[in-house]
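# Architecture and fold: a report
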Amino acid sequence: MDNIILIGMPGAGKSTVGVLLAKALGKTFLDTDLLLQEQEGMLLQDLVDRLGVESFLDREADALCALDCRHTVIAPGGSAVCRERSMARLKELGRVVYLHLPLEALERRLQNIHTRGIAMAPGETLADLFACRAPLYRRYADLTVDVGDQTLEETVAAVLQALDGSQGPSRLTL
């Protein structure tokens, strides 16, 4: 169980931080959104539009449950927490790190919310999604790292410190 799984809202930096973290640790990097796109032969937004949110979440869960990797930093889609079986599998695979970014910062970062491939019901807002998912991220996380206005390198360093246990229990804030 030497994998590291980064969870969090869309825009929290899972993929970007994940690549740098994998480099720092000498691990492979896996973005499961890209894996799902490749398996399905279409962009995530097209898949969400075609299947609808609930069926998309089931298809995503199928892909996550089929993962079998070692020595990898995994960045699942932000909706991975919406299916318990997805998170059960990810927790089997490694330590789960929640990259927590406040809603206000997410709203500043996400300008393409309706084309990014986010599993959102029609009429649902980013605030609605955040209110629903934040408790799930906290529930499944082994560690939480608060992501703010720091640089990518500082965020990677914070994740490394949290993984190393040098910051105490399970939460690190920069």
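An unreviewed UniProt entry annotates the chain as Shikimate kinase originating from Candidatus Intestinimonas pullistercoris. Its UniProt record gives the chain the following Subcellular location (unreviewed entry) comment, quoted word for word: "Cytoplasm". Per UniProt, the comment on the chain under Sequence similarities (unreviewed entry) is "Belongs to the shikimate kinase family."

## Describing the environment of Asp46
For Asp46, the location among the structural elements is in helix α3 (residues 44–51). Asp46 sits 63 residues away from Arg109 along the chain, and the two C-alpha atoms are 22 Å apart.

## Let's talk about the nonpolar core
Ranked by internal contacts, the top residues of the largest apolar core, which has 46 residues, are Leu6, Ile7, Met87, Leu90, Val97 and Leu99. Apart from residues no more than four positions distant in its own chain, Val97 is found in contact with Ile4, Ile5, Leu6, Ile7, Leu143, Val145, Val159 and Leu163. Membership of the second largest hydrophobic core comes to 10 residues, among which are Leu36, Val48, Leu57 and Ala63.

Cut-offs used in this document
Residues numbered from 1 in each chain as written. Predicted model: local features only at pLDDT ≥ 70, side-chain atom pairs only at ≥ 80, totals over all residues. Heavy atoms only, no water. UniProt positions renumbered as here; feature names shortened; annotations may be inferred. Helix = DSSP H or I, 4+ residues; strand = E, 2+ residues; numbered from the N terminus. Core = buried A, V, L, I, M, F, W, Y, C linked by side-chain atoms within 4.5 Å. Buried < 20%, exposed > 50% of the residue type's maximum accessible area, 1.4 Å probe, protein only. Contact = heavy atoms within 4.5 Å.

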